[in-house]
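Geometric and topological summary
One-letter residues, chain by chain:
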Amino acid sequence: MIGYGTQKKSDVNSSVSSIKTKDIQDIKQVSLDQMIQGKLAGVSVTNSNGQPGAAASVRVRGVTSINGTNEPLYVVDGIPISGDATGRSTSGRPIAGSDFSSTGGGGNNAVSPISFLNPNDIESIDVLKDASATAIYGSRGANGVIIITTKSGKKGTGKISYEGYSSVSSIYKTLDVMNLQQYALHQNQLAALFNAQPRPEFAHPELLGYGTDWQKEIYQTAIAQSHQLAFSGGKDGVSYYMSGNFLDQPGNIIGTGLKRYTVRLNLDAKVKDWLKVGGNFSTGINNEKFTVNQSFTGLISNTLLQAPDMPIRNLDGSYAAPPAGQNVNYFNPVAEALTRENKLIRKNFLGGIFGEVNLLKGLKYRAELAANTEFSESTDFQPSYDRGSQVNLTADLFERRQNWYSINVKNLLTYDFALGNHKFTVLAGQEALDSHWEGILGEGHGFKTNDIYGLNLSDADNRKVTSYKGSASIASLFARLIYDFNNTYSFSASIRRDVSSKFDPTAGDNQVGYFPAVAVSWKVSNEKFMEPLKPYIDNLKFRVGYGETGNQQIPNNRYSALLTDYFLPSNIPNPDLTWESMKQTNYGVDFTLFRNFNVNFDYYIKESKGFLFQYPLPDYLTGGLSQYGGMDAPYSNLGKVENKGIDLTLGYNTNGEIFNWSSSLVISHYKNRLLDIVNGVTLTEQANMNGYQPYVVTNSIVGQSIGSFWGYKTNGIFRTLEELQNAPIQFGQSIGTAPGQTYLGDVRYVDVNGDGVVDAKDKTIIGDPNPDFTFGFTNTFKYKNIDLSIFLQGSIGNDVMNLTRRNGIQNAMLYQNQLVEAMDFWSPQNPNASLPRPIGSTSNPNIDISDRFVEKGDYARIQNVTLGYTMPANFLSTLKMSRVRFYVSAQNLYTFTNYSGYDPEIGSFNQNVLLTGIDNGRYPSPRTFTFGVNLEF
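Nothing here was measured: the structure is a model prediction, and the numbers come from that model.

1. What to know about the overall build of the protein
Within the protein, the regular secondary structure consists of eleven helices and 44 strands. Its C-alpha atoms give the protein a radius of gyration of 30 Å, near enough to 30 Å, the size a compact globule of 937 residues would have. Its C-alpha atoms give the protein principal-axis dimensions of about 95 × 70 × 65 Å. Each of the 937 residues in the protein was classed as buried or not, and the buried ones make up 54%. Counting only contacts in the protein whose residues sit at least 6 apart along the sequence, the fraction spanning at least 24 positions is 72%. If you sum the accessible surface of the protein, you get close to 39300 Å²; carbon and sulfur atoms cover 57% of it. Taken together, the 80 basic and 85 acidic charged side chains of the protein have centroids lying 8 Å from each other.

2. What about the pattern of salt bridges?
Per the counting criterion, the structure on display carries 35 salt bridges. Between Arg673 and Glu642 there is a salt bridge, and its shortest N-O distance comes to 3.1 Å. With Arg673 in strand β28 (residues 659-677) and Glu642 in strand β27 (residues 639-655), this residue pair connects regions lying 31 residues apart in the sequence. Accessibility expressed as a relative area gives 36% for Arg673, which makes it partly exposed. We classify Glu642 as buried; its relative accessible area is 10%. With its nearest N and O atoms 2.8 Å apart, the salt bridge here joins Arg885 to Asp787. In this pair, Arg885 sits in strand β42 (residues 883-897) while Asp787 sits in strand β38 (residues 786-796), placing the two residues 98 residues apart along the sequence. An identical accessibility class is assigned to Arg885 and Asp787; each is buried. Residues joined by salt bridges that share partners form a network here, namely Glu356, Lys364, Arg366, Glu368 and Lys410.

3. Comments concerning the sheet that holds strand β30 (residues 693-700)
Read across the sheet, four strands follow the order β29-β30-β31-β36 without closing on themselves; strand pairing throughout is antiparallel. The sheet terminates laterally at β29 (683-689) and β36 (764-767), the two strands that pair on one side only. Strand-to-strand twist across the sheet, computed as the mean angle between neighbouring axes with direction ignored, equals 45°. Relative to strand β31 (residues 708-711), β30 is paired through two bridges, and the arrangement is antiparallel. Of the residues in β31, the one forming a bridge with Thr698 is Phe709.

4. Some points on the side chain of Asn699
If you trace the backbone, Asn699 turns up in strand β30. Judged by its relative accessible area of 6%, Asn699 falls in the buried class. Discounting residues that sit within four places of it in the chain, Asn699 has contacts with Thr682, Leu683, Thr684, Ser705, Gly707, Ser708, Trp710 and Ile765.

5. Thoughts on the side chain of Gln390
Structurally, the position occupied by Gln390 is in the loop between β15 (385-386) and β16 (391-392). We classify Gln390 as buried; its relative accessible area is 11%. A polar contact is formed between the side chain of Gln390 and the backbone oxygen of Tyr330, at a distance of 2.7 Å. Sequence-distant contacts of Gln390, defined by excluding residues within four places in its chain, comprise Ala321, Pro322, Val328, Asn329, Tyr330, Phe331, Asn332 and Tyr385.

6. Some points on empty space enclosed by the protein
Within this structure, the stated rule accounts for 16 cavities of 30 Å³ or more. Where the lining of the second largest cavity is concerned, the elements lending two or more residues are α2 (32-36), β8 (156-170), β9 (222-235), β10 (238-250), β11 (257-272), β41 (859-870), β42 and β44 (927-936). Of the residues contributing to the lining of the second largest cavity, the split by class is twelve nonpolar, 24 polar and five charged.

7. Regarding the packing of aromatic side chains
Scanning all chains against the criterion turns up 23 aromatic pairs. Between Tyr4 and Phe478 the ring centres are 4.4 Å apart and the planes differ by 25°, which places this aromatic pair in the stacked class. Taken as a pair, Tyr4 in the segment before β1 (16-20) and Phe478 in strand β19 (residues 463-485) lie far apart in primary sequence, 474 residues in all. Given the relative accessible area of 4%, Phe478 is considered buried. A connected cluster of aromatic rings, assembled from ring pairs, spans Tyr415, Phe417, Phe424 and Tyr483. The ring of Phe354 has Arg366 sitting right over it, with the charged end atom 4.0 Å from the ring centre.

8. Details of the nonpolar core
In this structure, Ile218, Tyr219 and Ile253 are the most contacted members of the largest nonpolar core, which totals 32 residues. At the level of elements, α4 (180-193), α5 (214-218), α6 (299-305) and α7 (333-339) are the ones that each hand at least two residues to this core. Not counting the four nearest positions on each side in its chain, Ile253 is found in contact with Ile218, Tyr219, Gln220, Thr291, Leu299, Ile300 and Tyr923. Of all hydrophobic cores here, the second largest spans 25 residues; its members include Val45, Val60, Val76 and Ile122.

9. Examining unusual backbone geometry
One non-glycine residue with positive phi stands out, namely Asp77, at about 50°. Along the chain, Asp77 turns up in the loop between β4 (73-76) and β5 (79-82).

10. Brief notes about the sheet that holds β4
Ordered in space as β1-β6-β7-β4-β5, the five strands form an open sheet in which the pairing is mixed. Single-partner strands in this sheet number two, and they are β1 and β5. Ignoring strand direction, the axes of neighbouring strands in this sheet form an average angle of 20°.

11. A few points about the pairing of strand β2 (residues 43-47)
Buried residues dominate β2, accounting for four of its five residues. By the bridge criterion, five bridges tie β2 to strand β3 (residues 56-60) in an arrangement that is antiparallel. Residue pairing for β3: Val45 is matched across the bridge by Val58.

12. Quick word on the pairing of β38
Side chains on a regular strand alternate between the two faces of the sheet. Inspection of the sheet shows strand β37 (residues 773-783) paired to β38 by eleven bridges, in the antiparallel sense. Looking across to β38, one finds that Asn779 is bridged to Ile790. Between the end of β37 and the start of β38, which pair antiparallel, lie two residues, with Lys784 showing a positive phi angle near 55°. Pairing of β38 with β41, which is carried by ten bridges, proceeds in the antiparallel orientation. Bridge pairing in β41 links Ile786 to Tyr869.

13. Overview of α4
Compared with an ideal rise of 1.5 Å per residue, which puts 14 residues at 20 Å, α4 spans 20 Å between its outermost C-alpha atoms and is within 8% of the ideal. Those residues of α4 lying buried are Leu180, Tyr183, Ala184, His186, Gln187, Leu190 and Ala191. Angular distribution of buried residues about the axis of α4 spans 165°; they occupy a single face of the element. Capping the start of α4, Asn179 holds a side-chain oxygen 3.2 Å from the backbone nitrogen of Gln181, two or three residues further along. At the C-terminal side of α4, Asn195 shows a positive phi close to 55°.

14. A few points about the environment of Asn785
Positionally, Asn785 belongs in the loop between β37 and β38. The partly exposed category is assigned to Asn785, whose relative accessible area is 28%. For Asn785, the residues in contact, after removing those within four places along its chain, are Gly868, Tyr869, Thr870, Met871 and Pro872.

15. Describing the environment of Lys129
Tracing the backbone shows Lys129 in the loop between β6 (122-128) and α3 (131-134). The class of Lys129 is buried, set by a relative accessible area of 5%. Between the C-alpha atom of Lys129 and that of Lys154, which follows or precedes it by 25 residues, the distance is 30 Å. Those residues in contact with Lys129, other than ones at most four positions away along the chain, are Ser15, Ser17, Ala41, Gly42, Val60, Arg61, Thr134, Gln584 and Asp647. A polar contact of 2.9 Å, which involves the side chain of Lys129, links it to the backbone oxygen of Ala41. Looking at Lys129, its side chain comes within polar contact range of the side chain of Asp647, at 3.3 Å.

16. Regarding a nonpolar patch on the surface
On the surface, Val238, Tyr240, Met242, Leu265, Leu267, Phe281, Phe349, Ile353, Leu369, Tyr405 and Ile407 cluster together to form a nonpolar patch covering roughly 880 Å² of accessible area. Of the residues forming the nonpolar patch, the biggest block, three residues, is contributed by β10. Within the element layout of this structure, Val238 appears in strand β10. Its relative accessible area of 34% is what places Val238 among the partly exposed residues.

Rules and cut-offs
- Residues numbered from 1 in each chain as written.
- Predicted model: local features only at pLDDT ≥ 70, side-chain atom pairs only at ≥ 80, totals over all residues.
- Heavy atoms only, no water.
- Helix = DSSP H or I, 4+ residues; strand = E, 2+ residues; numbered from the N terminus.
- Rg over C-alpha atoms; globule rule 2.2 N^0.38 Å.
- Buried < 20%, exposed > 50% of the residue type's maximum accessible area, 1.4 Å probe, protein only.
- Contact = heavy atoms within 4.5 Å.
- Areas by Shrake-Rupley, 256 points an atom, 1.4 Å probe, with all protein chains shown as cover.
- Lys, Arg positive; Asp, Glu negative; His and termini not counted.
- Charge placed at Lys NZ, Arg CZ, Asp CG, Glu CD.
- Salt bridge = Lys/Arg side-chain N within 4 Å of Asp/Glu carboxyl O.
- Pairing = 2+ DSSP bridges.
- Axes fitted to C-alpha atoms, helices over the stretch in contact; angles between N-to-C directions.
- Polar contact = N/O pair within 3.5 Å; in protein donor to acceptor, adjacent residues only side chain to side chain.
- 1 Å grid on protein atoms, 1.4 Å probe; cavity = no way out; pocket = protein on both sides within 12 Å on 5 of 7 lines; lining within 4 Å.
- Points joined across faces, edges and corners; volume = space filled by probe spheres on them.
- Nonpolar A, V, L, I, M, F, W, Y, C, P; charged D, E, K, R; others polar.
- Phe/Tyr/Trp six-rings, centres within 6.5 Å; stacked < 30°, edge-to-face > 60°.
- Lys NZ or Arg CZ within 6 Å of the ring centre and 35° of its normal.
- Core = buried A, V, L, I, M, F, W, Y, C linked by side-chain atoms within 4.5 Å.
- Expected span 1.5 Å × (residues − 1).
- Arc of directions from axis to C-beta.
- Patch = residues over 30% accessible without salt bridge, like charges linked within 9 Å, V, L, I, M, F, W, Y side chains within 5 Å.

The values are spatial; any link to function lies outside them.
What follows is the structure, encoded as structure tokens:
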């Protein structure tokens with residue numbers, strides 16, 4: 001598949017990677033993201049967390065923009081779906097949780113926009129990677145295009161197929177936190193250092209038990225199941241495919257999970273010799289239960305930091321809380337997971353109809369009408385409780401009812417003709433996309449009971465309801481020419497014109513964007529001089545392509561000033577706002593060695609300029625956010641970003657009578673850097689730590705990678721007075737043991753700028769979340785009726801900022817559990833300790849963001865192993881069956897890594913490229929064992 005058409009793989013001039021049914025039919029996944037991870041060169045997929053239904057981060061050839069989303073456009077049976085899980089270009093509001101910010105309380109709450117798709121229905125996946133291929137999609141193709149074609153009926157006898165499986169998943173790694181004996185000893189040591197009274201119950205730690213293992217209580221073994229029934233066939237010019245699927249996937253944290261129901265119908269008919277009509281329809285219902293993760297206030301962080309001396313329940317059966325007098329914010333994780341109702345219901349419909357008329361020989365007209373809609377219902381009920389030291393006297397209810405729909409209309413005219421050895425394909429098209437969205441957000445407090453709840457049952461004086469609505473549109477014209485001479489030389493060119501409602505219609509041509517592309521290829525193997533070499537090298541082809549695409553993924557009406565509920569301006573307008581543009585050049589070569597070894601290599605250069613971003617003005621200029629009486633900062637075209645990289649695919653196939661082996665290795669490498677930024681604007685991002693205190697964790701500066709980790713460099717710990725006296729002054733502190741002084745055992749920070757003091761001016765780049773390269777290695781073996789698939793996947797060269805570890809070794813307050821390694825802190829009795837001396841403050845310099853908390857994120861993972869057995873055909877014929885296959889598989893079987901956290905595959909926080917590789921309490925990814933059967937009649 002290519003944009004608005006099809007072409008033989010060997011004839012494509014652009015860079016396109018594909019997966020067919022035969023490549024994936026025996027490896028079962030519950031989402032499209034998992035299907036393509038590690039399978040396609042130039043496509044990087046990282047799972048942002050292990051929560052069922054969560055959004056993954058998908059990057060096609062690196063980072064294109066810093067504007068919130070770098071996700072590709074999905075085109076499902078011709079219907080476009082944005083991969084942006086944050087809906088930045090529509091409402092920009094979460095459908096679950098309070099907000100998408102890293103400093104709020106919502107955590108990593110983005111949900112996958114394509115989770116309603118059933119992977120079993122997919123026939124093929126084609127990824128358009130370079131701009132010469134994606135420019136035909138104009139402003140929506142800047143981040144790459146993933147074309148998904150679902151299954152259709154095949155001519156012949158009808159087929160009935162069933163697939164069912166059950167799986168068992170569990171968290172295979174836990175972090176080494178203190179048990180009660182270790183915690184009591186540690187608390188006694190900290191109490192002495194903080195001049196606090198030791199707790200009498202901890203007088204003899206050796207007499208205590210192990211206490212509550214909160215990780216054991218929170219994590220569960222989850223048993224999932226999936227069932228699918230499908231019917232397909234074709235006869236007398238009519239083909240059909242119909243399927244229904246049910247998936248029940250409990251999460252590995254208690255109180256979380258996903259249930260998905262999907263139905264699909266694909267139908268097409270040849271009504272006349274000159275007329276073909278058809279339609280593709282699917283619907284999905286997702287029921288999801290959530291927990292807050294990737295947040296200091298989330299369940300994972302609380303699980304790790306909650307003290308082991310607290311039981312789950314009191315003797316009367318009520319949930320326990322920390323003893324009175326302890327100044328801690330950590331809640332009972334089990335109580336939070338089981339009493340808080342945080343659920344989301346999504347109802348999706350995706351469908352389209354088409355008619356195709358053969359006007360003349362080679363001349364076809366095709367009209368398509370498609371619609372895509374979603375209705376979502378989010379409910380977050382936090383019950384009232386009184387647990388002594390922790391109370392919530394008024395239950396809280398947050399309701400969100402949101403929906404959106406889009407209508408897509410296309411008219412395509414295609415003409416295929418040949419003049420001798422000259423072949424032409426000409427395409428002319430028109431497309432219009434109209435999108436609408438609206439929502440109602442309500443909250444109520446002060447319920448009389450926790451048993452039943454609704455906004456109408458809350459205290460009438462403690463209710464709040466607000467609403468929003470909006471719309472956007474894109475109108476497009478496009479054309480393409482594909483020329484081939486003698487199946488040896490090929491040329492393609494396209495042009496697209498988009499008109500977007502995102503920009504000021506009165507400001508010249510700001511609304512209009514033009515996106516040209518051109519590509520050429522030379523099939524060297526079809527030259528006569530290559531004939532003698534074909535047994536050694538064949539299918540040799542050189543490709544060169546250039547294209548331009550755009551981006552308009554910003555909120556509505558930022559070119560004008562909007563009004564708040566109080567009829568005051570809510571934002572600073574920018575009427576000069578216009579398209580973000582991206583130019584890409586691609587050089588590629590394909591060839592086959594010795595008939596069995598295939599090589600595909602691409603080198604590309606991408607440059608994005610005028611990227612769209614909200615200008616980071618300080619609050620003293622804007623007055624803060626609009627809901628607090630201020631004005632939102634303006635969006636502007638700010639700077640340039642460059643990506644350079646290579647895509648490499650190596651494949652080997654051997655086919656025998658009883659043994660077959662196919663192997664594929666894909667390697668992707670890219671390097672991005674910020675080339676320019678208007679007025680030297682600071683592009684930092686923060687994360688919440690230490691009880692809602694935001695810390696800057698990344699900075700994007702000219703000449704460096706996007707979203708680089710930002711903080712202080714360190715040089716160990718001060719261990720001698722000579723080191724201390726000869727060191728630069730640390731944060732203006734004198735030498736001494738009093739609060740606010742620097743002494744032995746403190747972190748030794750580096751004076752980066754050489755001015756003789758260590759202060760905020762010494763912050764610098766301390767890590768890069770972007771990998772040097774990613775890889776996927778797939779081997780499939782078939783011996784008679786037995787098949788075995790082994791898939792390895794990994795990432796090399798990326799860093800991870802482990803804030804989970806920072807929180808677990810800070811030694812800054814009492815009544816907070818820590819990792820076991822936190823016991824190895826500096827003291828006169830332990831001068832060779834690995835960690836600095838404890839200081840009783842969560843704002844002490846020893847726990848500032850520094851390279852102490854940056855780790856290598858390299859990993860290689862045995863991602864999937866599947867073993868299957870197919871019953872012999874001669875036996876099945878007696879049962880009136882065409883296929884019976886039993887299989888077992890292991891997902892996420894083993895990870896080779898030195899990373900100390902749960903999982904080095906972190907992804908991007910709510911798909912924010914400026915917050916990539918930050919581990920702040922990520923929902924762990926489980927290991928899963930699956931047992932299934934395929935039946936076909």
